[in-house]
Amino acid sequence: MTITASAMTTIARHTVNDVLGTLPRSGIRRLTDQVMGSRDMDDAIQLGFGQPQEATDDLIREAIIKATDERTLGYTENAGMRALRNAIVTKLAARNQINTDIESIFVTPGATYGVAVTIGCLINPGDEVLVPDPGYPNFAAAVRHYGGVVKFYQLRQDTGFIPDLSQLTALISPATKVLIINSPGNPTGAVIDAGMMEQLVRLTRERGLWLVSDEVYETYVYGCRHVSPLSFTGNDHVVGLYSFSKSYNITGLRVGYVVTRHPALRRALLNAQELYISCAPSISQYAALQALADGGAYPEAMRAVYQQKRDLVMNMLGPYAGRYPDGAFYLLVDIGFTGLHSDEFADRLLRDTHVVVAPGATFGPSSDQYIRIAFTPEVEKLMAGLTRLKQFLSQWPIAGYEDHR
Ligand SMILES: Cc1ncc(COP(=O)(O)O)c(C=O)c1O
């Protein structure tokens, strides 16, 4: 069969977006699919997912029912309901020491969308963005999707997975536009303290960069304080990304918010809200309003539960425990001594022990020596999963390796 010139043009047009059409599937999803699609994985233990297993606050569930009873199912303002944005302004002042107004708040369907839309509003094709490695995979994916260039900066275990200022400075080029930070960090559990945060705010101000700060784990801090870069004055090029997902255990409701004082970015975000979503789901906004009305009792209870789980996991891991996570509900285990790539390690662990972990390679090009454990399951399952993991790890001698970490 011969293909005519016009048919060839049509075939060439039958392509999809280069980036979205070729993004690799996340390692976590790949492994989870194996568990879900298999009958003999009934006893599988999921240490791969960042979703708490505790019950959601009843008051939030009641707020959702009330909102549906009152038939409040219509569109809201593009930026989010005024009542919710007012409550967020109050929350930011009280808990984050951020002075702002409701024009600075954009309610989004989760921070997943918050990350993507913020990057989309900030960069043009060819702009460089500094992205943490290891870091939340969506940062790099969003940059690539909008035609930006990802420049990874390394977070090293021996410096507590905290950004290194001299490395950042060396990476900045005339094309660099944005620095992304994430504290408490996924997958590292590292928390950036006030001194370092101030330096990061100063560095980005002096070098004319945007600072995008992902704070979705803000309430999960253990024995230290969460610091928001927006609490420092004198830099209007700081953007804060927040979520109700983890703090209130409502990941499925898809609700979070972006905060910026910058007029041009506000305008771009408003246009993007109109273009992509019109508004965040109204029911979820009512749930978020109720969440803020509780004054922080639920997140505090969850924080205490997760501090205990963190301690339990670190004790159980013994020689395999890496750096103590000061926040979030993740920790990295260095598996370099096994000689396996993290994908291969995770595949074999799942095959042999039915435990799911996240392979480090998912989190960046220099993170292959790690696996990430999410200590989100209930305690019994968590302990069973760790027991299986430790037994699996014991096939390889660890002696001597610790010196090289
Ligand atoms: C660092 C980080 N940012 C954003 C998100 C997305 O959260 P949300 O449920 O609000 O979309 C996650 C989810 O795991 C995350 O780990």
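Just above, that's the structure.
Reference entry: report on the structure contained in this document. Since the structure is predicted, the reported quantities are computational estimates derived from the model, not experimental observations. (Residues numbered from 1 in each chain as written. Predicted model: local features only at pLDDT ≥ 70, side-chain atom pairs only at ≥ 80, totals over all residues. Heavy atoms only, no water.)

**Details of empty space enclosed by the protein**
Applying the stated rule across the entire model yields two cavities of 30 Å³ or more. Taken together, 15 residues line the largest cavity, and the ones lying closest to its centre are Leu-155, Phe-161, Asn-182, Gly-185 and Thr-188. Residues that form the lining of the largest cavity fall into these classes: nine nonpolar, six polar and no charged. Roughly 60 Å³ of volume is contained in the second largest cavity. If you trace the second largest cavity, you find it lined by Lys-91, Arg-95, Glu-218, Thr-219, Ser-243, Phe-244, Ser-247, Tyr-248, Tyr-257 and Leu-292. Split by residue class, the lining of the second largest cavity holds four nonpolar, three polar and three charged. (1 Å grid on protein atoms, 1.4 Å probe; cavity = no way out; pocket = protein on both sides within 12 Å on 5 of 7 lines; lining within 4 Å. Points joined across faces, edges and corners; volume = space filled by probe spheres on them. Nonpolar A, V, L, I, M, F, W, Y, C, P; charged D, E, K, R; others polar.)

**Examining the sheet that holds strand E3 (residues 128–133)**
Spatially, the seven strands line up as an open sheet ordered E2-E8-E7-E6-E5-E3-E4, and their pairing is mixed. One side of each edge strand has no neighbouring strand; the edge strands of this open sheet are strand E2 (105–108) and strand E4 (149–154). Going across the sheet, the axis of each strand differs from the next one's by a mean of 20°, ignoring polarity. Sheet analysis places E3 next to E4, joined by six bridges and oriented parallel. What sits directly across from Asp-133, in E4, is Gln-154. Across the sheet, helix H9 (residues 263–277) is in contact with E2, strand E6 (210–214), strand E7 (238–243) and strand E8 (256–260); its angle to E2 comes to roughly 25°. (Pairing = 2+ DSSP bridges. Helix = DSSP H or I, 4+ residues; strand = E, 2+ residues; numbered from the N terminus. Axes fitted to C-alpha atoms, helices over the stretch in contact; angles between N-to-C directions. Contact = heavy atoms within 4.5 Å.)

**Here's the deal with the packing of aromatic side chains**
Applying the stated criterion across every chain yields a total of 18 aromatic pairs. Here the aromatic rings of Tyr-220 and Phe-329 are separated by 5.0 Å at their centres, their planes lie at 80°, and the arrangement is edge-to-face. Separated by 109 residues along the polypeptide, Tyr-220 in the loop between E6 and E7 and Phe-329 in the loop between helix H11 (297–317) and strand E9 (330–334) bring together distant segments of the chain. Residues Phe-345 and Phe-392 carry aromatic rings whose centres are separated by 5.2 Å and whose planes lie at 80° to one another, so their mutual orientation is edge-to-face. One end of the pair, Phe-345, is in helix H12 (residues 342–353); the other, Phe-392, is in helix H13 (residues 379–393), and 47 residues separate them in sequence. With respect to burial, Phe-345 and Phe-392 carry one shared label: buried. Ring pairs connect the aromatic residues Tyr-217, Tyr-220, Tyr-306, Phe-329, Tyr-330 and Phe-375, which therefore count as one cluster. (Phe/Tyr/Trp six-rings, centres within 6.5 Å; stacked < 30°, edge-to-face > 60°. Buried < 20%, exposed > 50% of the residue type's maximum accessible area, 1.4 Å probe, protein only.)

**Quick notes on the packing of H12 against H13**
Axis separation between H12 and H13 bottoms out at 11 Å; the angle between their running directions is 115°. With respect to H13, the element H12 is oriented roughly perpendicular. Pair H12 / H13 crosses with right-handed handedness. The residues of H13 that touch H12, namely those facing Phe-345, Arg-348, Leu-349, Asp-352 and Thr-353, are Arg-388, Leu-389, Phe-392 and Leu-393. Each residue belonging to the contact of H12 with H13 can be placed in one class, and the counts come to five nonpolar, one polar and three charged. (Parallel < 35°, antiparallel > 145°, perpendicular 65-115°, else oblique. Left-handed = near helix turned anticlockwise from the far one by under 90°.)

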